[in-house]
Amino acid sequence: MIKTGDKYRHEVTYTQEGVIAFAEITGDKNPIHLDPEFAAKTPFGRPIVHGFLSASVFSKVFGMLFPGQGTIYLSQEMSFRAPVFAGEKYTAEFEVIDVNTEKHIGTIKCLLLDAAGKECITGTAKLKHNKEFI
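Residue numbers run consecutively from 1 along every chain, following the written order of its sequence. Where local features are concerned, this predicted model is filtered to residues with pLDDT of at least 70; where side-chain atom pairs are given and counted, the filter is 80 or more; whole-chain, interface and lining totals use all residues. Note that water and hydrogens are dropped before the side-chain values are worked out from all heavy atoms of the structure.

The protein is annotated in an unreviewed UniProt entry as MaoC-like protein of Alistipes putredinis DSM 17216.

Below you can see the structure in the form of structure tokens.
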């Protein structure tokens, strides 16, 4: 049973191969993600991971780990605060901030932090899980 105050952490590293695959799947072939020469001329200085690819760690964790299988993703609010780069380590942190036991819905604070602890993505998700939010 998951309750208010529960926390979870998950480490993740994105690869440039994953960025290329995401670009192919979504059709988002913006050179900021794929072309080192183009990206070198941007404020980031090098290619960045697509925002929704970097945020996909939230979906992975919710669907497979915390709460896990059986989760229904109801909504996600998020802000992209800093760039995410391939090949670097990141930590996704989660904290349950509310549980509606009658509707089996949890509200989860979500963060993606770089190795120095800087917030790259911040947000809040609402999830339904009939066996965990009771």
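Asks: Which parts of the structure should I look at to understand the pattern of salt bridges?
Replies: Opposite charge on two side chains permits pairing when their charged atoms draw close. A pair is scored as a salt bridge if a Lys or Arg side-chain nitrogen falls within 4 Å of a carboxyl oxygen belonging to Asp or Glu. In total, this model carries four salt bridges according to the counting rule given. The partner of Glu-93 in a salt bridge is Arg-9, and the shortest N-O contact between them spans 2.6 Å. Highlighted residues: Glu-93 in strand E3 (residues 89–100) and Arg-9 in strand E1 (residues 7–13), separated in sequence by 84 residues. Between Glu-88 and Arg-46 there is a salt bridge, and its shortest N-O distance comes to 2.6 Å. With Glu-88 in the loop between strand E2 (72–80) and E3 and Arg-46 in the loop between helix H3 (36–40) and helix H4 (51–64), the pair connects residues that are 42 residues apart, well separated along the chain. What makes Arg-46 partly exposed here is its relative accessible area of 34%. In DSSP terms, a helix is any run of H or I states spanning at least four residues, a strand is any run of E spanning at least two, and both are numbered starting from the N terminus. Categorising residues by exposure relies on relative accessible area from a 1.4 Å probe, with only protein chains included: less than 20% of the type maximum marks a residue as buried, more than 50% marks it as exposed, and the intermediate range marks it as partly exposed.

Asks: Which parts of the structure should I look at to understand the packing of aromatic side chains?
Replies: Aromatic contacts are taken between Phe, Tyr and Trp rings whose centres are within 6.5 Å, Trp giving its six-membered ring; a plane angle under 30 degrees counts as stacked, one over 60 as edge-to-face, and the others as tilted. Counted by the stated rule, this structure contains seven aromatic pairs. Considering the side-chain rings of Phe-62 and Tyr-73, the 5.4 Å spacing of their centres and the 80° angle between planes classify their relative orientation as edge-to-face. Of this pair, Phe-62 sits in helix H4 while Tyr-73 sits in strand E2, and the two are eleven residues apart along the sequence. For Phe-62, a relative accessible area of 1% corresponds to the buried category. Of the residues examined, Tyr-73 reaches a relative accessible area of 32% and is grouped as partly exposed. Between Phe-62 and Phe-94 the ring centres are 5.2 Å apart and the planes differ by 65°, which places this aromatic pair in the edge-to-face class. Here Phe-94 lies in strand E3 and Phe-62 lies in helix H4, a separation of 32 residues in the sequence. Grouping residues by exposure puts Phe-62 and Phe-94 together as buried. Of the aromatic side chains, those joined through ring pairs into one cluster are Tyr-8, Phe-58, Phe-62, Phe-66, Tyr-73 and Phe-94. Each ring is checked for a lysine NZ or an arginine CZ that lies within 6 Å of its centre and within 35 degrees of its normal; such an atom marks a charge sitting over the ring. Stacked on the ring of Phe-85, the Lys or Arg Arg-46 has its end atom at 3.7 Å from the ring centre.

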